[in-house]
Amino acid sequence: MNASSPPAHLLAAERRPLPAVMLERLKSRFAERCVTALAVREQHGRDESPFDVAPPDCVVFAQSTEDVAFVLALAHEHHVPVIPYGAGSSLEGHLLAVQGGVSLDVSRMNEILRVNAEDLTVTVQAGVSRNQLNNEIRHSGLFFPIDPGADASLGGMAATRASGTNAVRYGTMRENVLGLTVVTPQGEVIRTGSRARKSSAGYDLTRLFVGSEGTLGVITEVSLRIYPLPEALSAAICFFPSIDAAVQTTMQIIQMGVPIARCELLDAHSVRAVNLHDKLGLREAPMLLMEFHGSQAGVAEQAQTVQEIAREFGGEDFEWATTPEARTRLWTARHHAYLSALQTKPGCRCVTTDTCVPISRLAESINESVREVEEAGLPYFIVGHVGDGNFHLGYLIDPTIPSERETAERLSAQMVQRALRLEGTCTGEHGIGLHKQGFLVEEAGEGAVDVMRQLKKALDPRNIMNPGKIFAL
């Protein structure tokens, strides 16, 4: 079964009408912040997935929780879909308005509401981006570590349970969200959690909304853990004779308990792409990009241990970046890997998938995926947060050649099914969206998915919140 392709009935879903009376009320309330221009609607009807544009009927730019509550109460009254929109960087079709409706853009809700440095917490509106937050708090000697690569909005990161490069040390959004302000599908404002580090008060509603992909309500405020900036930071790159050698090195690092902060894999194709894009001049071979946080002595000890492990697997050309400028240059190139790869095949689209497996099965998972794509002959690239068993494989396809898309989807399906056989997950951080609904059933089972459906129906009986995503009702 090619379960990674979205069910055809979702992409061809019947659009629900936006009543003229509702549109008039939106225009009356929001004036120029309620937009029906086609260009704006199309911008909000696509993300970084390979799917065609599915535009909403209008876009509303919210500036407050009260704005969001007004839109949802009105949408609930008229049975009109609402699709929350942050930075538009999702990868699995989360933003497509497959049934029409209102795209609710919260990017203007970008205030940092409270920084509690003594408690190491911060509360922000949902449209604040991770870079904006870190620029604001770094003068306090603090930072927020979750780094999915794109300058995503923190509300969107919570909604998709994002993680990224620092997850091996600092965890994911699941571990770092303390509380939320959420507007329910009926327009009611609720608050979950608190700034306390732990609680046993009732159901854990915070974790219910984290990862819900906009299907249960709209997140408007987020309270987060923040961390002291480490005394010392050092980044290093090391090249390997094969992807397998790089992955085996990573496995040894983790199994020996080295508290590495970041451990990123780039295959030779990714290195070649970032060389072209960022003029880095790196050796075009499988590469680990690592970062160490801690005291001066601790960082030095970690680095020495990692160098010794890397040498055992043929790692060479160890290069260090200890200045902020040098580290930024390396990490900027890593974050450009996706767009850099797209530029190696002008006009292409990328079918990208991510999986996460137990660290002991990572080499097997990557090696088999590489063998399959090379046999198929499609251009591809690999990047991975391999320190926690998560990697991404992007297949570069010509959108005018249907057979290339079919091949990419087949390979993606095989890669995900392999991860499930290895007791992993169909998605480490991209989410389900439209693209992986069949795999969610395979991974969780019909019974668990049915429980999810019951929760959805209980909280959103009119199915107005991002309908058609995660599972079909």
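Fair warning: this is a prediction, and the values are worked out from it, not measured in the lab.

> Before we move on, could you go through the overall build of the protein chain and cite the residues and values that matter?
For the protein chain, the count of helices and strands is 18 helices and 18 strands. On C-alpha atoms alone, the protein chain measures out to a radius of gyration of 22 Å, which is about the 23 Å that the 2.2 N^0.38 rule sets for 473 residues. The buried share of the protein chain, taken over its 473 residues, is 58%. Taking all contacts inside the protein chain whose residues are at least 6 apart in sequence as the whole, residues at least 24 apart take part in 73%. Working note: accessible area of the protein chain is about 18700 Å², and carbon and sulfur atoms make up 50% of it.

> Can you tell me about the sheet that holds strand E3 (residues 82-85), naming the residues and giving the values?
In a beta sheet, neighbouring strands are held together by backbone hydrogen bonds and run either parallel or antiparallel to one another. With mixed pairing, the 4 strands of this open sheet are ordered in space as E1-E2-E4-E3. What marks the edges here is a single partner per strand, and that holds for strand E1 (34-35) and E3. Of the pairings in the sheet, the one linking strand E2 (residues 58-61) to strand E4 (residues 102-105) comprises 4 bridges and is parallel in character. Across the sheet, phenylalanine 61 pairs through a bridge with aspartate 105, a residue of E4. Running at roughly 30° to E2, helix H2 (residues 20-30) makes contact with E1, E2 and E4 of the sheet.

> Give a detailed account of the environment of arginine 33, specifying residues and quantitative values.
Mapped onto the secondary structure, arginine 33 falls in the loop between H2 and E1. Residue class for arginine 33 comes out buried when judged on its relative accessible area of 13%. Spatially, the C-alpha atoms of arginine 33 and glutamine 63 are 9.4 Å apart, while their sequence positions differ by 30 residues. If sequence neighbours within four positions are ignored, arginine 33 has contacts with Val59, Val60, Phe61, Ala62, Gln63, Asp67 and Arg108. Within the structure, arginine 33 has its side chain in polar contact with the side chain of aspartate 67 (distance 3.0 Å).

> Which residues make up the sheet that holds strand E12 (residues 232-239), and what are the values?
Read from one edge to the other, the open sheet built from 7 strands follows the order E15-E12-E14-E13-E17-E18-E16, with strand pairing classed as antiparallel. Taken across any chain shown, the strands that pair with only one partner, and hence form the sheet edges, are strand E15 (316-321) and strand E16 (349-356). The average undirected angle you get between the axes of adjacent strands in this sheet is 15°. Relative to strand E18 (residues 390-397), strand E17 (residues 380-385) is paired through 6 bridges, and the arrangement is antiparallel. The residue of E18 that forms the bridge with histidine 385 is asparagine 390. Against the sheet, helix H13 (residues 324-335) engages E12, strand E13 (262-266), strand E14 (287-294), E15 and E17, with an angle of about 135° to E14. Across the sheet, helix H15 (residues 362-376) lies against E13, E16, E17 and E18, angled at about 5° from E18, the strand it touches most.

> So what's going on with the nonpolar core? Residues and values would help.
Judged by nonpolar contacts, the single largest core of 42 residues is most densely connected at Leu265, Met290, Ile366, Ile382 and Tyr395. Looking at which element gives the most residues to this core, the answer is helix H10 (residues 243-255), with 6 residues. Beyond its immediate stretch of four places on either side in the chain, tyrosine 395 contacts Arg349, Cys350, Val351, Val373, Leu378, Pro379, Ala408, Leu411, Ser412 and Met415.

> Tell me what's going on with helix H18 (residues 446-459), and back it up with residues and numbers.
Between the first and last C-alpha of H18 there are 20 Å, a value that for 14 residues agrees with the 20 Å anticipated at 1.5 Å per step. Among the residues making up H18, those that are buried are Val449, Arg453 and Lys456. Seen along its axis, H18 keeps its buried residues to an arc of 60°; they face one direction. Against helix H17 (437-444) lie the buried residues of H18.

> Describe the pattern of salt bridges, naming the residues involved and giving the relevant values.
Evaluated as defined, the whole model comprises 20 salt bridges. We note a salt bridge from arginine 371 to glutamate 375, for which the minimum N-O separation is 3.1 Å. A residue pair is termed a helical-turn pair when its members lie 3 or 4 positions apart in one helix, as arginine 371 and glutamate 375 do in helix H15 at 4 residues. Since its relative accessible area comes to 59%, glutamate 375 is described here as exposed. Sharing partners across several salt bridges, the network here consists of Arg130, Asp147, Arg262 and Glu291.

> I'd like a description of the side chain of serine 49, backed by residues and values.
Position of serine 49 among the secondary structure elements: in the loop between helix H3 (38-43) and E2. Once residues lying within four places of it in the same chain are set aside, the contact partners of serine 49 are Ser90, Leu91, Glu92, Gly93, Leu96 and Arg349.

Parameters at a glance
Residues numbered from 1 in each chain as written. Predicted model: local features only at pLDDT ≥ 70, side-chain atom pairs only at ≥ 80, totals over all residues. Heavy atoms only, no water. Helix = DSSP H or I, 4+ residues; strand = E, 2+ residues; numbered from the N terminus. Rg over C-alpha atoms; globule rule 2.2 N^0.38 Å. Buried < 20%, exposed > 50% of the residue type's maximum accessible area, 1.4 Å probe, protein only. Contact = heavy atoms within 4.5 Å. Areas by Shrake-Rupley, 256 points an atom, 1.4 Å probe, with all protein chains shown as cover. Pairing = 2+ DSSP bridges. Axes fitted to C-alpha atoms, helices over the stretch in contact; angles between N-to-C directions. Polar contact = N/O pair within 3.5 Å; in protein donor to acceptor, adjacent residues only side chain to side chain. Core = buried A, V, L, I, M, F, W, Y, C linked by side-chain atoms within 4.5 Å. Expected span 1.5 Å × (residues − 1). Arc of directions from axis to C-beta. Salt bridge = Lys/Arg side-chain N within 4 Å of Asp/Glu carboxyl O.

Interpretation in functional terms is not warranted from these geometric data alone.
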